[in-house]
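Residue-level structure breakdown
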Amino acid sequence: MSDRLAVLCQYLIPKQALTTLAGKFAESEAGSLSTSVIRWFVKRYGVDLSEAVDDDPVSYRSFNEFFTRPLRAGVRPLANADFLCPVDGAISQFGRIDRDQIFQAKGHHYSTTALVGGDSELAARFEDGAFATLYLSPRDYHRIHMPVAGRLLRMMHVPGALFSVNPVTARGVPGLFARNERVVCVFEAEFGCFILTLVGATIVGSMATVWHGTVNPPRGKEIRQWHYADQQIRLHKGQEMGRFLLGSTVVMLFPKNVMRFTTDWVPERPIRMGEAMGQQVAPC
């Protein structure tokens, strides 16, 4: 199928209905049916169950339990770096934010303000800063970890579309990551604020964080917000912060003159949680 036809299909299919249906099945404990789907999924996408705490497909009560499986201790060692890669997957894009514009793919940019649900004051903190967009494929480990230690300040659930977030769709759908449903998490670190955004997609049944649990559903039409500045929710570097129930994308924003990406980072490169992502820029 051509890229153009694949993108056209994204506009035509009933994404909301498919996502709701997939989410209901994924959370159901359907016995042998769940096991059969898990076995098919492992074979179809080449999932490496040897890294999981439990490598037996029969032991998972639901597809969601399999999909969010924890890994064995030690299989994702944390690098000696200031900033760690938060997920398994592949680099979609990364680099400098051009004033308020984030590069999505050739011919496509979107604004930091759009990404964070229209909050221009929050977005202004990242003018000329740095961003990284990381894609999680179906075969990947789907828990998200902290790139650096931080204290949670705020979380927003921004309703939106449910386009696929694979590379083909990223090339063909303008403003994809600021159009799709997303959960925006704002943290305070030693260098200032940073943002970690969980972007939803077709058949992503839900997104969850360790401090809140499942954020969606429900899927309403208004932005929902939670404020945590008066609490002491602190997560250390490398600690789990959330998970996808079916795969998607993470977008991170950092302020100007804070971090420098490692030289071996290039678009489309496979990545693993815990590897070095960057170093903090020394103050002048």
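Located above this text is the structure these notes cover.
Note that the structure is a prediction, hence the values are computed from the model and not measured. (Residues numbered from 1 in each chain as written. Predicted model: local features only at pLDDT ≥ 70, side-chain atom pairs only at ≥ 80, totals over all residues. Heavy atoms only, no water.)

1. Brief notes about the overall build of the protein chain
A count of helical and extended segments in the protein chain gives eight helices and 18 strands. In the protein chain, buried positions account for 54% of the 284 residues. For the protein chain, long-range pairs separated by at least 24 residues make up 75% of all intrachain contacts whose partners lie at least 6 apart in sequence. Total accessible area computed for the protein chain in this model is approximately 13100 Å², and 53% of it derives from carbon and sulfur atoms. (Helix = DSSP H or I, 4+ residues; strand = E, 2+ residues; numbered from the N terminus. Buried < 20%, exposed > 50% of the residue type's maximum accessible area, 1.4 Å probe, protein only. Contact = heavy atoms within 4.5 Å. Areas by Shrake-Rupley, 256 points an atom, 1.4 Å probe, with all protein chains shown as cover.)

2. Description of the sheet that holds strand β6 (residues 143–145)
Strand order in this open sheet of four strands is β6-β14-β10-β11, and the pairing throughout is antiparallel. Each end of this open sheet is capped by a strand with a single partner; those strands are β6 and β11 (213–216). The sheet shows a mean angle of 25° between the axes of neighbouring strands, taken without regard to direction. The sheet contact formed by strand β10 (residues 206–209) and β11 spans three bridges and is antiparallel. If you follow A208 over to β11, its bridge partner there is T214. (Pairing = 2+ DSSP bridges. Axes fitted to C-alpha atoms, helices over the stretch in contact; angles between N-to-C directions.)

3. Examining the sheet that holds strand β16 (residues 259–261)
Strand order in this open sheet of three strands is β1-β18-β16, and the pairing throughout is antiparallel. Looking at which strands have only one partner, the edges of the open sheet turn out to be β1 (83–84) and β16. As judged from the three bridges shared by β16 and strand β18 (residues 276–280), these two strands associate in the antiparallel manner. Bridging across to β18, F261 finds its partner in G278.

4. Considerations on the pattern of salt bridges
Tallied over the full model, the rule gives twelve salt bridges. E51 serves as the salt-bridge partner of R272, at 2.3 Å between the closest nitrogen and oxygen. Within this pair, whereas R272 is found in the loop between β17 (270–271) and β18, its partner E51 is found in the loop between α3 (32–45) and α4 (63–67), the two being separated by 221 residues in sequence. R269 is the salt-bridge partner of E275, the closest N and O atoms lying 2.7 Å from each other. (Salt bridge = Lys/Arg side-chain N within 4 Å of Asp/Glu carboxyl O.)

5. Observations regarding unusual backbone geometry
Here D128, not a glycine, exhibits a phi torsion of approximately 60°, which is positive. Here D128 lies in the loop between α6 (120–124) and β5 (130–135). Residue classification places D128 among the buried positions, given a relative accessible area of 17%. In this model, N257 sits at a positive phi of 55°, which is unusual for a non-glycine residue.

6. What to know about the side chain of E181
As for its placement among the helices and strands, E181 is situated in the loop between α8 (176–179) and β8 (182–189). Judged by relative accessible area, E181 falls into the buried class, the value being 2%. Looking at E181, its side chain comes within polar contact range of the side chain of H157, at 2.7 Å. (Polar contact = N/O pair within 3.5 Å; in protein donor to acceptor, adjacent residues only side chain to side chain.)

7. Topic: the nonpolar core
L134, F187, W211, M241, F254 and W265 are the most contacted members of the largest nonpolar core, which has 38 residues in total. If you list the elements that add at least two residues to this core, you get β5, β7 (150–158), β8, β9 (192–199), β14 (240–245), β15 (249–254) and β16. Here this core takes four residues from β8, the largest share from any one element. Those residues within four positions of W211 in sequence are excluded, and the remaining contacts are L152, M155, C185, F187, Y228, I233, L235 and M241. Counting 21 residues, the second-largest nonpolar core is a separate cluster that includes L122, V184, C193 and L253. (Core = buried A, V, L, I, M, F, W, Y, C linked by side-chain atoms within 4.5 Å.)

8. Points about α3
Helix length check: α3, at 14 residues, gives a terminal C-alpha distance of 20 Å against a target of 20 Å (1.5 Å per residue), a fit within 8%. Those residues of α3 that fall on the buried side of the exposure criterion are S34, T35, I38, F41 and V42. Viewed along the axis of α3, the buried residues span an arc of 125°, placing them on a single side of the element. Among the exposed residues of α3, those oriented more than 90 degrees off its buried face are S32, W40 and K43. A positive backbone phi angle near 70° is found at G46, which sits one or two residues after α3. (Expected span 1.5 Å × (residues − 1). Arc of directions from axis to C-beta.)

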